[in-house]
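Listed here are the chains, written in short residue letters.
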Protein chains: 2
Amino acid sequence: MKKHRNRLLAALLPADLNLLETQLQSVQLEKRRVLEAPNRTVEYVYFPETAIASVVAVCGRDERIEVGLIGCEGVSGLTVLMGDRRSPNSTYVQVEGEALRIEADALRKVLLQNESLRDLLLRFGHVFTTQIAQTAVANGRAKLEQRLARWILMAHDRTVADDVAITHEFLAVMLGVRRASVTVALDALEKKGFIAARRGSLTVADRKAIEKIAGHFYGVPEAEFERLIG
Amino acid sequence: MKKHRNRLLAALLPADLNLLETQLQSVQLEKRRVLEAPNRTVEYVYFPETAIASVVAVCGRDERIEVGLIGCEGVSGLTVLMGDRRSPNSTYVQVEGEALRIEADALRKVLLQNESLRDLLLRFGHVFTTQIAQTAVANGRAKLEQRLARWILMAHDRTVADDVAITHEFLAVMLGVRRASVTVALDALEKKGFIAARRGSLTVADRKAIEKIAGHFYGVPEAEFERLIG
DNA sequence: ATGCTACCGTACGTTTCCGTACTGAGAAAA
DNA sequence: TTTTCTCAGTACGGAAACGTACGGTAGCAT
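Not measured: the values here are computed from a predicted model.

**Q** Let's hear about the pairing of strand β10 (residues 201–204) of chain A: which residues, and what values?
**A** Two faces belong to every sheet, and in a regular strand the side chains alternate between them. All names here are of chain A. The side-chain alternation of β10 yields two buried faces, one formed by Ser201 and Thr203 and the other by Leu202 and Val204. The pairing of strand β8 (residues 163–164) with β10 spans two bridges and is antiparallel. Its bridge partner lying in β10, valine 164 is registered against leucine 202. Strand direction decides the pairing type here: strand β9 (residues 195–198) and β10, joined by four bridges, are antiparallel. Its bridge partner lying in β10, alanine 196 is registered against threonine 203. Between β9 and β10, which follow one another and run antiparallel, lie two residues, and glycine 200 among them has a positive phi close to 85 degrees.

Listed below in structure tokens is the structure:
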């Protein structure tokens, strides 16, 4: 029973963790792998260790935007926790890495027996809902540079090194803006020396400065996490 | 034991409803009454009958935007269901009317005993999270006229008559835009004959047409509601 | 009846971001 | 090596919404 990198698993009581661990399976998640498709039954629930997944809300066929990031601090498939097995959102891997997964049915059975695990996951559900709500605020009121800063910070929180492997194209889809707008905004951050950009990835160079740009659009769900789980 | 207008209460099994009803208290909610303040303990959980409440996400001191509407289809205070007693969001009455309320502690006790009630509320939690996520999409990708149409439809779903009592000023705060922008957009809808506007309120005249304007930015959480609760 | 206040209509220059599109550079495949 | 593809930088006209502000009207209060 090694120490898990995933903070939810790490927060479990040893007894609860044992109950889960017999069912948990370690998997390597490659980039763009779909963990949940819109309105499809969720098969597995993933606890990322080093991977990061995006939760993307979809309208009709075309309109889509990222509403949340899930990394080592969380878990996918909250719909299972809410007594359902599907959601209109899409979830896929944004940054490749390791995760532990459990079958949705198995998780549901464990949850029935285990109140403290259920409570922990519900608290995370609250945190994640807060993240979605704050994304709605940022989308409605923040400038692109601030939203970009917010995304970089959230990704940075969930990565091991200061490195985030992402293309402008993908960032544009996540933020719901043009690819060209992302290029311009990232350039601005790089010229100020806050990040270093390479083809297909960026490195956080001055986190404090990026936090200053994001302002209060970053930090609310993070504070909720610390209060309820951390 | 009269039939409740609130659709969650109406969906309860008689036994479950009885358990709740001894604790439920009918209240008249005046405009702008605060049901939940940011990061303050929730005292009561409200099941609106004719009232409508706005859930507003707050960043720092100034930046705020509505992330959800709660009317006769739902319940406030989901944070209580998630095992917490507070949230960074603010909830207040947008359209005055009646509601039934229960003390947060009392609800929590009832939830412990009553699995089917808990399951129902959890399913509503899923629906409401979907609503927040779709708000994030609309804020990021829709034009103001579409967002306005979406808001009108959601309010219309929750009102008795076709009438919604709201000022441009308040709508502007909800949508996170200028008051003047709301005026212009509402004027456009009125000139097309889709709504009738008076000082401090508006009436839905051609719902189908408004749905067409909102497009796929309206309807996703509503479909989830029908699937899981309706 | 008069004044006050809240609410609505309108205007104008400005900012942000869009749509589109062309070019070059890095990395992988042939 | 040469080709091919993906990714990033740049440009330009245009749309949407902003900040600000001024004037008008409905309804309430005195």
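**Q** Go over the protein's contact with DNA strand D with me, naming the residues and quoting the values.
**A** Near DNA strand D, the surroundings consist of 18 residues, among which Arg179(A), Arg199(A), Leu144(B), Arg178(B) and Ser181(B) are the closest. The contact atoms of DNA strand D, taken as those within 4 Å of the protein, divide so that sugar and phosphate hold 52%. Between DNA strand D and the protein, one listed contact pairs a base oxygen with a side-chain N or O atom of Arg179(A) at 2.7 Å. At 2.6 Å from a phosphate oxygen of DNA strand D is found a main-chain nitrogen or oxygen belonging to Leu144(B). In terms of residues, the surface near DNA strand D owes the most to one element, helix α8 (residues 179–191) of chain A, which gives four residues. Considered class by class, the residues forming the surface near DNA strand D number three nonpolar, six polar and nine charged.

**Q** An account of the interface of chain B and chain A is needed here, citing residue identities and associated values.
**A** If you look at the interface, chain B gives 43 residues, while chain A gives 43 residues. Interface area, chain B with chain A, both sides summed: about 3500 Å², of which 63% is carbon and sulfur. Where chain B packs against chain A, one counts four salt bridges. Our count for the chain B to chain A interface comes out at 10 residue pairs in polar contact (both at pLDDT 80 or more). Per-class residue counts for the side of chain B that touches chain A are 18 nonpolar, 15 polar and 10 charged.

**Q** Lay out the side chain of Ser54(B) with the relevant residues and their values.
**A** Residues and elements named next belong to chain B. On the secondary structure map, serine 54 appears in strand β4 (residues 52–59). In this structure the side chain of serine 54 is engaged in a polar contact, spanning 2.5 Å, whose partner is the side chain of glutamate 66. One polar contact links serine 54 to glutamine 94, side chain to side chain, over a distance of 2.8 Å. The residues contacting serine 54, other than those within four sequence positions of it, are Glu66, Gly68, Leu69, Ser90, Thr91, Tyr92, Gln94 and Met174.

**Q** For the domain arrangement of chain A, give the residues involved together with the corresponding values.
**A** All names here are of chain A. Looking at chain A, the domain boundaries give domain 1 (7–138) and domain 2 (143–217). Each of domain 1 and domain 2 has a C-alpha centre, and the two are 24 Å apart. Taken together, the contacts link 22 residues of domain 1 with 17 residues of domain 2. Interface area, domain 1 with domain 2, both sides summed: about 1700 Å², of which 63% is carbon and sulfur. Three residues, Leu69, Gln94 and Ala138, lead the burial of domain 1 against domain 2; their summed loss comes to 28% of the area buried on that side. Linking domain 1 with domain 2 are one salt bridge. Between glutamate 73 and arginine 158 there is a salt bridge, and its shortest N-O distance comes to 3.1 Å. Going through the elements one at a time, β4 (52–59), β5 (63–70), β6 (90–95) and α5 (115–141) are the ones with two or more residues in the side of domain 1 that touches domain 2. Of the residues contributing to the side of domain 1 that touches domain 2, the split by class is 10 nonpolar, seven polar and five charged.

Analysis parameters
Residues numbered from 1 in each chain as written. Chains lettered and ligands numbered in written order. Predicted model: local features only at pLDDT ≥ 70, side-chain atom pairs only at ≥ 80, totals over all residues. Heavy atoms only, no water. Buried < 20%, exposed > 50% of the residue type's maximum accessible area, 1.4 Å probe, protein only. Helix = DSSP H or I, 4+ residues; strand = E, 2+ residues; numbered from the N terminus. Pairing = 2+ DSSP bridges. Near = heavy atom within 4 Å. Polar contact = N/O pair within 3.5 Å; in protein donor to acceptor, adjacent residues only side chain to side chain. Nonpolar A, V, L, I, M, F, W, Y, C, P; charged D, E, K, R; others polar. Contact = heavy atoms within 4.5 Å. Buried area = accessible area lost by both parts, 1.4 Å probe. Salt bridge = Lys/Arg side-chain N within 4 Å of Asp/Glu carboxyl O. Domains from an automatic or database assignment.

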